[in-house]
Amino acid sequence: MKKQKSYIWILSILSVIGFVGIWWFCCDVLKLTSSSTLPGPVTVIKTFIAKLSSSAPDGATLPQHIGSSLKIALGGWALGVVIGTPLGICMAWYKKVDLFARPIFDLLRPVPGLAWIPLMIILFGIGITPKIVTVFLSAFVPCVLNSYTGIRQTKDVHLWVGQTFGASDTQMLLNIAIPTALPMIMTGIRVALGAAWTCIVAAEMLASTKGLGYMIQQARGIYRPDIIICGMIAIGAIGAVFSGILSLIENKIVKGVRRDG
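Here we summarise the structure given alongside this text. (Residues numbered from 1 in each chain as written. Predicted model: local features only at pLDDT ≥ 70, side-chain atom pairs only at ≥ 80, totals over all residues. Heavy atoms only, no water.)

Remarks on the overall build of the chain
Assigned secondary structure in the chain consists of ten helices and zero strands. Ordered by position from the N terminus, the helices and strands of the chain form the series α-α-α-α-α-α-α-α-α-α. In the chain, buried positions account for 38% of the 261 residues. Restricting to contacts in the chain with at least 6 residues of sequence separation, those with at least 24 account for 69%. For the chain, the exposed area adds up to about 15000 Å²; of that, 70% sits on carbon and sulfur atoms. Taken together, the 22 basic and 10 acidic charged side chains of the chain have centroids lying 6 Å from each other. (Helix = DSSP H or I, 4+ residues; strand = E, 2+ residues; numbered from the N terminus. Buried < 20%, exposed > 50% of the residue type's maximum accessible area, 1.4 Å probe, protein only. Contact = heavy atoms within 4.5 Å. Areas by Shrake-Rupley, 256 points an atom, 1.4 Å probe, with all protein chains shown as cover. Lys, Arg positive; Asp, Glu negative; His and termini not counted. Charge placed at Lys NZ, Arg CZ, Asp CG, Glu CD.)

Considerations on the packing of aromatic side chains
All chains considered together, the criterion is met by three aromatic pairs. Ring geometry for Phe105 against Phe140: centres 6.1 Å apart, planes inclined by 70°, an arrangement best described as edge-to-face. Here Phe105 is found in helix α4 (residues 95-108), whereas its partner Phe140 is found in helix α6 (residues 128-152), with 35 residues between them in sequence. What makes Phe140 buried here is its relative accessible area of 9%. Relative to Phe140, the ring of Phe136 has its centre 5.5 Å away and its plane inclined at 45°; by these criteria the two rings are tilted. Here Phe140 and Phe136 lie together in helix α6, a separation of four residues that amounts to about one turn. (Phe/Tyr/Trp six-rings, centres within 6.5 Å; stacked < 30°, edge-to-face > 60°.)

A few points about the state of the cysteines
What the rule picks out here adds up to zero disulfides. In this structure Cys26 is a free cysteine whose sulfur lies 6.4 Å from that of Cys27, the closest cysteine sulfur available. Cys26 sits in the partly exposed class, given a relative accessible area of 26%. Cys143 supplies the cysteine sulfur nearest to Cys199, a cysteine that is in no disulfide, at a spacing of 14 Å. (Disulfide = S-S within 2.5 Å.)

Details of unusual backbone geometry
In this structure, the amide linkage connecting Ala56 to the following residue, Pro57, adopts the cis form with an omega of 5°. The backbone of Lys31 shows a phi angle near 55°, a positive value even though the residue is not glycine. Position of Lys31 relative to the elements: it lies in the loop between α1 (2-29) and α2 (41-51). Even without being a glycine, Tyr223 presents a positive backbone phi close to 55°. Position of Tyr223 among the secondary structure elements: in the loop between α9 (212-221) and α10 (225-260).

Observations regarding the packing of helix α3 (residues 62-93) against α4
Any two packed helices are characterised by how steeply their axes cross, that is the angle between the axes, and by the distance between the axes. The geometry of α3 relative to α4 is characterised by a closest axis approach of 5 Å and an angle of 120° between their N-to-C directions. With respect to their mutual orientation, α3 and α4 come out oblique. In this structure, α3 contributes Leu87, Cys90, Met91 and Trp93 to the contact, and α4 contributes Lys95, Val97, Asp98, Ala101 and Arg102. (Axes fitted to C-alpha atoms, helices over the stretch in contact; angles between N-to-C directions. Parallel < 35°, antiparallel > 145°, perpendicular 65-115°, else oblique.)

A short note on the nonpolar core
The tendency in soluble globular proteins is for nonpolar side chains to be buried as a group. Within the largest apolar cluster, 48 residues are counted, with the highest numbers of intra-cluster contacts made by Trp77, Trp93, Ile151, Ile189, Trp197, Ile200 and Leu212. Of all the secondary-structure elements, those providing two or more residues to this core are α3, α4, α6, α8 (169-206), α9 and α10. At 14 residues, α8 tops the list of elements feeding residues into this core. Beyond its immediate chain neighbours, meaning those up to four positions away, Trp77 contacts Val135, Ala139, Ile189, Ala192, Leu193, Ala196 and Leu246. Of all hydrophobic cores here, the second largest spans five residues; its members include Trp23, Cys27, Ile229 and Cys230. (Core = buried A, V, L, I, M, F, W, Y, C linked by side-chain atoms within 4.5 Å.)

Let's talk about the packing of α4 against α6
For the pair α4 and α6, interaxial distance at closest approach is 13 Å and the crossing angle is 140°. With respect to α6, the axis of α4 lies oblique. As α4 runs across α6, the sense of the crossing is left-handed. Contacts between α4 and α6 involve Asp98, Arg102 and Phe105 from the first element and Phe140, Val141, Val144, Leu145 and Tyr148 from the second. Taken together, the residues that form the contact of α4 with α6 break down as six nonpolar, no polar and two charged. (Left-handed = near helix turned anticlockwise from the far one by under 90°. Nonpolar A, V, L, I, M, F, W, Y, C, P; charged D, E, K, R; others polar.)

Interpretation in functional terms is not warranted from these geometric data alone.
Quick look at the structure:
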């Protein structure tokens, strides 16, 4: 088992090395592109290191941009999880809640998060509030959908067993339906985080004075593809870290519930 895991890690590392190697060979050796269109990895690494402490040309360092994006993205995502997950559970379990909330949810669900940005700017300006609300709306939908689906997939035989032993409706929800739905709920939380991270970058491109999206937009205006790629690398790396953290949490929670069951 350990050898298999090591083999997987080696393959993953080799894929990254291979991609960077091809990029370097095409840009720095063959000179297929100029530095003003697609710089090589050496140039990007130098820019990345310099941007850690330099605020030029967009007025903030890379850590400051990352901090601004994280604050808004995690705030909106947390609101989406706290509100969307319980709502999805209640909609799936209680028929009256479903009948009451579904019409509004079905109206909101098809609207992509990015479509809310112009309206949020008009209502709240370009401060932190419109971006948090926009991120919340993007994270809210997958949390509701996955929680709802997970509860609805609870097997009838499990509920019959609970009824046989005299469990109340609330006890069956807490002890049978929710533990069964945990994998779907955690998937919804992970999807919501990805949606929040994507949405905040786009929102910062349109209405912000700081953040990774703002940095990328400013770099585009002054033809600095090296800074654009630095921003893309930061976005991808942070997203991968958060996804890995949520995967670890999901594995521990799901395994713990199964052992208890």
